[in-house]
Structure formats: C-alpha cells, structure tokens
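# Breakdown of the fold
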Amino acid sequence: MPRRPWVVGVSGASGTPYAASVVRGLLAAGEAVDLIVSRASRLTLLDETGISFRDAHWRADLREWLARGADGKPGTFGITDADLDLVRYWPAGDLAAGPSSGSYPVKGMLIVPASTACVAGVALGLSKDLLQRVASVTLKERRRLVVAVRETPLNGQTLRHLVTLDEAGAVVVPASPAFYAGATHIQDLVDFVAGRVLDAADVPHRLYRRWEGELGSGSKEGN
C-alpha cells in the first residue's frame, strides 16, 4: 500500500501541547504523519517547552517534544523509533516539498494550533510558506482540512476568514476544552481538544471520555 499520511501543520499560536497530542494520537492509530513546523511556531515551542526545533536534528527534537507532558514534565510519554519512522518532516521554507503538489498522496491536513495570521493566509490563498501552500492544495483537492484556531477574543476580520474557510470545506475546531469528560489534569484538557481535532478527521483515538448522556458522570470519583 502506498504511504498516505496526514499532514500536520503547526503555526505560531500558543498551544504546542495540542500539536504534540494530535501527533501522538495519529501515531497511536498507526497513521503516517508529514510534519510542517512554521518559523513562528519554533519561537512558541521554545517559549512553551524550552525545546529548540532544528531542521538538521528534527528527529531528536521531535522525540523530546512528543515525550513532554502538557505540564512541561519531560519523559511523560514513551516515544519509540517505530513511532518516529512514521513521520516525515518538511521545512516550512521548502515550497518544492512533496505535499506542495496535489499529486502527492495525503489523506488531509490538520493545522494545530492555527494562529489568526495562519487563518488569514489560508483564507486568502497567500501560500507564503509551505504550511499555507499545503492548506491551499488540500482545499483545491477537496481533501479534509481541519483548522484548530487558538486565539481569544476573535475580531470580525478573523471571524470572516473562518467563515471563508468553512465555506471552502474546512472544519474549524476552536481550541476550546470541555469539562464534562472529568478532567483532573491539564493533559486531560489538552487531549480533549486534540481528540476533537482527530474526530473531525475520522481518526479513532482514546484521548477523552465521550459523553454518554449521564448527567454528573464527569464529576464521579475515579473518572
């Protein structure tokens, strides 16, 4: 079977733990991943985790990033060589990368987190870097595009851009955690958002407890 990955684009918005959780969820489901980390997101990653993401050492840096918990604790998750073998990394400045062409086989694209600048660039079709270019290709090829916007408050201009993306066929998933799943740790809140992103992509996961119609179940001891 030919390799058909999900492209994960990480923009410069706060929320790099969301991206790590999504990638871990994809790998746990046996999905291949093509990863694009924007230049702005490297600054956010450094600020939020202390990790410097480097093109020449992306594999080691990605292992450290994916292993880190949302609370900043290193080594929280076990990341194997087999996991990393499912990942292909493309520098954000490489506009000749495979996913920049509609003929490159992918299942779709998940942008997590998506900054308002990224949302605007995709809505306007600017393609100023590989992340935006791949998003435009995803839309024109009628593939699944999930945009996990992370900003508050949202002004009218950004809301109009989000409507444009919705009308173009994208699924807009605000990075808005819920509390009915019985969250007891920051990782639970992060995983809820990541799980909703994967839900929008029809990727199976076990990142959060789903609502089953029983009031008060989220507050029960032991959840």
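The structure under discussion appears in the preceding block.
Below is a summary of the structure that appears in this document. (Residues numbered from 1 in each chain as written. Predicted model: local features only at pLDDT ≥ 70, side-chain atom pairs only at ≥ 80, totals over all residues. Heavy atoms only, no water.)

## Observations regarding the overall build of the protein chain
When its secondary structure is counted, the protein chain shows eight helices and six strands. For the protein chain, the α and β elements follow one another from N to C terminus as β-α-β-α-α-α-β-β-α-α-β-α-β-α. By the compact-globule yardstick of 17 Å for 223 residues, the protein chain fits well, its C-alpha radius of gyration being 17 Å. Taking the principal axes of its C-alpha atoms as reference, the protein chain extends roughly 50 × 40 × 40 Å. For the protein chain, the share of sequence-separated contacts (at least 6 apart) that also reach a separation of at least 24 residues comes to 72%. About 10,600 Å² of surface is accessible on the protein chain, with carbon and sulfur atoms providing 52% of the total. Averaging the locations of the 25 positively and 24 negatively charged side chains of the protein chain gives two centres separated by 4 Å. (Helix = DSSP H or I, 4+ residues; strand = E, 2+ residues; numbered from the N terminus. Rg over C-alpha atoms; globule rule 2.2 N^0.38 Å. Contact = heavy atoms within 4.5 Å. Areas by Shrake-Rupley, 256 points an atom, 1.4 Å probe, with all protein chains shown as cover. Lys, Arg positive; Asp, Glu negative; His and termini not counted. Charge placed at Lys NZ, Arg CZ, Asp CG, Glu CD.)

## Remarks on the packing of aromatic side chains
Tallied over the full model, the rule gives seven aromatic pairs. Ring geometry for Y180 versus W211: centroids 6.0 Å apart, planes at 75°, classification edge-to-face. On the criterion of sequence distance, the pair formed by Y180 in the loop between β6 (171–172) and α8 (186–200) and W211 in the segment after α8 is long-range, its members being 31 residues apart. Y180 gets classed as partly exposed once you look at its relative accessible area, which sits at 34%. Taken together through their ring pairs, the aromatic side chains of F53, W58, W65 and Y89 make up a single cluster. (Phe/Tyr/Trp six-rings, centres within 6.5 Å; stacked < 30°, edge-to-face > 60°. Buried < 20%, exposed > 50% of the residue type's maximum accessible area, 1.4 Å probe, protein only.)

It is worth stressing that arrangement in space is one thing and function is another; only the former is reported here.
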